[in-house]
Amino acid sequence: ENTMPDLYSRVYPQNDSVLWDFGTWQPDAVVINLGTNDFAKDNPPQQEFSKKFKDFVQKIKKSYPTTAIFCVLSPMVTDSYPKPQQKRSTLNRYLRTAIYELSQSGSAVVHYMELSEQGQFGYGCDFHPNKQQQQH
């Protein structure tokens with residue numbers, strides 16, 4: 001029911017009354033690895049996905065104005081199943097477009113990188129990356 005933008009401010013995901021104090025600590029970097037579940041069934045509409053992604057990045061930037069933000073393409077998203085949907089290529093395009101738009105608007109600089117697609121080292125629990133994939 002709750003997405004990461006909903007949970008982001010919470011200390012405990014299941015409790016919306018205990019919120020994190022963003023002034024207590026400034027990280028060197030924030031890494032965003034989202035989109036896998038958004039593409040679990042059908043590919044979401046680009047406009048809707050991009051708006052929510054950009055809003056979330058701006059929320060993070062508001063909390064941590066000097067912190068570097070890195071967006072990664074998940075290793076769990078693939079073009080090979082189901083083939084016609086080209087999920088990995090589509091998510092890659094959505095993220096790159098949203099990051100470009102954030103950069104052009106001057107609202108945030110987001111660094112982008114792709115994590116290698118899992119499977120070459122086998123799988124972990126519930127098709128998540130295993131130790132060798134994480135080390136790679």
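Quick summary incoming for the structure in this document. Given the structure is predicted, the values throughout are model-derived calculations rather than measurements. In every chain, residue numbers begin from 1 and rise along the written sequence. Where local features are concerned, this predicted model is filtered to residues with pLDDT of at least 70; where side-chain atom pairs are given and counted, the filter is 80 or more; whole-chain, interface and lining totals use all residues. For side-chain calculations, the full set of non-hydrogen atoms in the structure is used, while hydrogens and water are omitted.

1. A short note on unusual backbone geometry
Here comes step 1: The step from Tyr81 to Pro82 runs through a cis peptide bond, and the omega angle for that step is -20°.
Here comes step 2: If you trace the backbone, Pro82 turns up in the loop between β4 (68-73) and α3 (87-105).
Here comes step 3: The residue Gln86 is not glycine, and still its phi comes out positive at about 45°.
Here comes step 4: Relative to the helices and strands, Gln86 resides in the loop between β4 and α3.
Here comes step 5: For the exposure calls, accessible area comes from a 1.4 Å probe over protein chains only, and a residue counts as buried if that area is under 20% of its type's maximum, exposed if over 50%, partly exposed in between. Of the residues examined, Gln86 reaches a relative accessible area of 33% and is grouped as partly exposed. Counting from the N terminus, the helices are the DSSP runs of H or I reaching at least four residues and the strands are the DSSP runs of E reaching at least two.

2. Description of a nonpolar patch on the surface
Here comes step 1: Here the term patch refers to residues with relative accessible area over 30% and no salt bridge, with like charges joined within 9 Å and nonpolar side chains (Val, Leu, Ile, Met, Phe, Trp, Tyr) within 5 Å. Here the Shrake-Rupley method, with its probe set to 1.4 Å, supplies the accessible areas, and only the displayed protein chains count as covering residues. Think of a salt bridge as a Lys or Arg side-chain nitrogen and an Asp or Glu carboxyl oxygen that are within 4 Å of each other. Taken together, Val11, Tyr12, Val18, Trp20 and Trp25 make up a surface patch of nonpolar side chains, about 490 Å² in accessible area.
Here comes step 2: Considering the arrangement of structural elements, one finds Tyr12 in strand β1 (residues 10-12).
Here comes step 3: For Tyr12, a relative accessible area of 45% gives the class partly exposed.

3. Some thoughts on the nonpolar core
Here comes step 1: Buried Ala, Val, Leu, Ile, Met, Phe, Trp, Tyr and Cys residues that are joined via side-chain atoms within 4.5 Å together make up what is termed a nonpolar core. Of all hydrophobic cores here, the largest spans 23 residues; its most connected members are Phe53, Val57, Ile60 and Val110.
Here comes step 2: Listing elements by their share of this core, those giving two or more residues are β3 (29-32), α2 (46-63), β4 and α3.
Here comes step 3: Examining the composition of this core, we find that six residues originate from one element, α3, more than from any other.
Here comes step 4: Contact criterion: two residues are considered in contact whenever any of their non-hydrogen atoms come within 4.5 Å of each other. Contact partners of Phe53, with chain neighbours within four places excluded, come to Ile32, Cys71, Leu95, Ala98, Ile99 and Leu102.

4. Examining the packing of aromatic side chains
Here comes step 1: For Phe, Tyr and Trp, where Trp contributes only its six-membered ring, two rings pair if their centres lie within 6.5 Å, and the inter-plane angle classes them as stacked under 30 degrees, edge-to-face over 60, or tilted in between. All told, the structure shown has seven aromatic pairs when counted by the stated rule.
Here comes step 2: Where Phe39 meets Tyr94, the ring centres are 5.6 Å apart and the plane angle is 55°; that geometry is what we call tilted. With Phe39 in the loop between β3 and α2 and Tyr94 in helix α3, this residue pair connects regions lying 55 residues apart in the sequence.
Here comes step 3: Take Phe39: its relative accessible area is 2%, and that puts it in the buried class.
Here comes step 4: You can call Tyr94 buried: its relative accessible area is 6%.
Here comes step 5: Here the aromatic rings of Phe49 and Phe53 are separated by 6.5 Å at their centres, their planes lie at 5°, and the arrangement is stacked. Taken together, the residues Phe49 and Phe53, both in helix α2 and four residues apart, mark about one turn of the helix.
Here comes step 6: Since its relative accessible area comes to 6%, Phe53 is described here as buried.
Here comes step 7: Among the aromatic residues, those joined into a ring-pair cluster are Tyr8, Phe22, Phe56 and Tyr64.

All we've got here are geometric facts, nothing functional implied.
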